[in-house]
Each structure stands twice: as C-alpha cells, then as structure tokens.
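# Notes for the structure review
As a plain string of letters, each chain reads:
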Amino acid sequence: MTLDAFTFPVIDGHNDLPWERRETHDSSVEGIDTEHGTLHTDLPKLRAGGVVGQFWSVFVPADDPDPVRTTLQQIDLAHRIIERYPDDLALARTAAEVRAAVDAGRIASLLGAEGGHAIADDLAVLRDLARLGVRYMTLTHNDDTPWADSATGQRPHGGLTDRGRQVVAEMERIGMLVDLSHTAPATMHDTLDVATRPVLFSHSSTVAVADHPRNVPDDVLTRLSANGGVVMITFVPAFVSRAWADWEASGSLGDPPVVTVSDVADHVEHARDLAGVEHVGLGGDHDGTPVLVPDLGDVSRYPVLAGELQRRGWGAEDLRALAGGNVLRVLEATDDRFARTAFVR
C-alpha cells in the first residue's frame, strides 16, 4: 500500500479523540477498534474514510491549573492508543515514518499540541514535547498567551511579542511546525513575517466564505504560497457557515441552518484560488466539537467531500494533494531539523 494507491488518501490535521477519551472514557484505550455511535472517530470509521494519517491533538484547556502535566498525560494517552492497536496505528514523526506506516498498511499517527499555554512559557518544555514526538504546536487556543494574541481572546499584544518570536524561532530550530489556527490575524502576519519554514493551519476555514474570527482572512491566504505552508479546512459548522454561527449566537433556537458538504467545498476552493492548490489540506476537528457538518459527521465521510470536488472538476492529482500530499510536503520541509531531536521511545 502506498499513498499513490488511493484517489483520496487523507492525512487529517486535527482530531481530538484523546481528549474525548479522557472526558468520556476515563482515558481508557479499549474499544476503539469497534464502531462507536457517539464518537466521530474509531478504527473502522478511519478505514472507511480512507484516512492514512492523523494528527492526534494532545489538547488541554487554557484554564488548566497544571497545563504541562496535563499535556504530558495526553501525550501518554495518545501513545497508549497507538501502542494498543499496532496492527492499525503506527507512531510517526517524519514524512518518512508516515510513508513507512502507510506502506505497512497502518494509519500514521502524529501528535499536535493545541495552544501555547501547554509549555507554560518555558522553551525547555517545548523541546521536551518535541522529544516525545509532538510535531506541531498551535500558538494559542481560545485565550491569549502572554506572548501571542488569540482569534477569540482580548488581543492585548497586537500580534506576537518579542517572546512570541523567540518561541517561533525555537520551534523552527527544532523542526516543530508552527500552527496558526486559533490565532488572531495580527499573530498570523507577525509569524509569517519571521517564519523561515512552512507554517500550518491545522483546522481553520476562510473568512471570505464565512466571516468568523477562527477563520483565515484573504490577506493571509495570499501569503501562504510564498511561505510554502498549508491551510487545513475544517468541518465545524460555525466556521463553515455564518448563518450557523449566528444561530448559535442567538441561543440555537429552532431548527439549525442547513450546512452541507458543498459549503465546505466552497472554503476549499476559495483557499485554493488564493493560496494555490499546493497549500490546502483538511483538518476536520472530529471529536473536538459536539456537531460537525452533517455530510461530514465522522471520519468515514471524507469520500463525500472527494465526490463533491470531483463533481466540480477536481482531478486525481489535485485531490491527492489536498487529501494529504500537501501536509506531507510541509512535514518534509522541517523533517531535517526534527529528525535531530533525541526522541524518547
């Protein structure tokens, strides 16, 4: 089995199954190999969806009193999930390890930390997360950090502070991908101003199609081609549809607005038109939100999006790039530095 063997081999940018297992299953790793009606993610669904690679989020809330410890617990949980199902999952930290996992018929499992609060403003912690296999860190979550503005925070810094630029520089030095989802536009621009390697938006959509603070504005999308980065379109209804976001804001009264796979495809195509087809990917945010776009409601449904894009005239090469080829390229662009990190096994 190789990546080229599929029309739509998905490497998804963001999945919150580890936090969901913590919250609803007491951090148990059992039963993920059977169908779960209440979860967006399990092994049968991943296989049905053509998922060949997954970034598992090791998220902790920004108000956690001990975020470093909790992040380590979530990394441990992700490792235990991977180790429990060795016939289906394989830990991957580089593009070469992703390819090796897929060639062996397993789903390449990468880790991503969501929110700079996870390092407690300590670059030693950042380096230790890399040693444990964490391949990207989102600079903020829903709240500002002491050194970066969040999309949904108070934005006190006007973007990145000098300390924030130090964090970005250290991430690049050790080969950890800089994830700009959840950040304010000024943080996005400040990061792109200093970035020397491709950046990532692990789960965001586009402001022009649905005006929401979690989405990426056009003036950032137009900078992605020069940077080499990738924006991974998400399936959260409030980010996909302004009408849905307004319905939620008004108390979710009455029937929700209709949001479909066509709306998600509109975001994909808008990002493609501004950034280029080489700079778009997918980050569904499965198990990180109570509800997703109904057409894409669990990880088995990626072929529905592929079918919609095929209907719109997308060819096999561009579909493979969107599904996973582009983020694999971004991994390769930073693998040389990350591979020098002393991994803890």
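The structure this text deals with has already been given above.
Bringing the nonpolar core into the picture now. Counting 82 residues, the largest nonpolar core has Phe8, Met137, Met176 and Leu305 as its most contacted members. The biggest single contributor to this core is helix 11 (residues 261–275), with six residues. Those residues in contact with leucine 305 that lie beyond four places of it in its chain are Phe235, Val261, Val264, Ala265, Leu282 and Leu296. Ranked by size, the runner-up nonpolar core spans 20 residues in total, among them Ala95, Val98, Met232 and Leu331.

Our focus in this paragraph is the packing of helix 1 (residues 17–25) against helix 3 (residues 67–84). Two elements in contact, helix 1 and helix 3, have axes separated by 9 Å at closest approach and are oriented at 100°. Taken together, helix 1 and helix 3 sit at an angle that is classed as roughly perpendicular. Along its contact with helix 1, which presents Pro18, Trp19, Arg21 and Arg22, the element helix 3 presents Thr70, Gln73, Gln74, Leu77, Ala78 and Ile81. Taken together, the residues of the contact of helix 1 with helix 3 break down into five nonpolar, three polar and two charged.

Our focus in this paragraph is the pairing of strand 2 (residues 51–57). Counting buried positions along strand 2 yields seven of seven residues, so the element is predominantly enclosed. Here four bridges tie strand 1 (residues 10–15) to strand 2, and the two strands are oriented parallel to one another. By the bridge assignment for strand 2, isoleucine 11 is matched with glycine 53. For strand 2 and strand 4 (residues 107–114), the ladder comprises five bridges, and the chain directions are parallel. Counterpart to phenylalanine 55 in the pairing with strand 4 is leucine 110.

Turning next to empty space enclosed by the protein. Within the structure shown, the criterion is met by one cavity of 30 Å³ or more. In this structure, the largest cavity encloses a volume near 50 Å³. Lining the largest cavity are Met171, Glu172, Gly175, Met176, Leu177, Val178, Arg197, Pro198, Val199 and Thr334. Mapped by element, the contributors of at least two residues to the lining of the largest cavity are helix 6 (162–174) and strand 6 (177–179).

About the thresholds
- Residues numbered from 1 in each chain as written.
- Predicted model: local features only at pLDDT ≥ 70, side-chain atom pairs only at ≥ 80, totals over all residues.
- Heavy atoms only, no water.
- Core = buried A, V, L, I, M, F, W, Y, C linked by side-chain atoms within 4.5 Å.
- Buried < 20%, exposed > 50% of the residue type's maximum accessible area, 1.4 Å probe, protein only.
- Helix = DSSP H or I, 4+ residues; strand = E, 2+ residues; numbered from the N terminus.
- Contact = heavy atoms within 4.5 Å.
- Axes fitted to C-alpha atoms, helices over the stretch in contact; angles between N-to-C directions.
- Parallel < 35°, antiparallel > 145°, perpendicular 65-115°, else oblique.
- Nonpolar A, V, L, I, M, F, W, Y, C, P; charged D, E, K, R; others polar.
- Pairing = 2+ DSSP bridges.
- 1 Å grid on protein atoms, 1.4 Å probe; cavity = no way out; pocket = protein on both sides within 12 Å on 5 of 7 lines; lining within 4 Å.
- Points joined across faces, edges and corners; volume = space filled by probe spheres on them.

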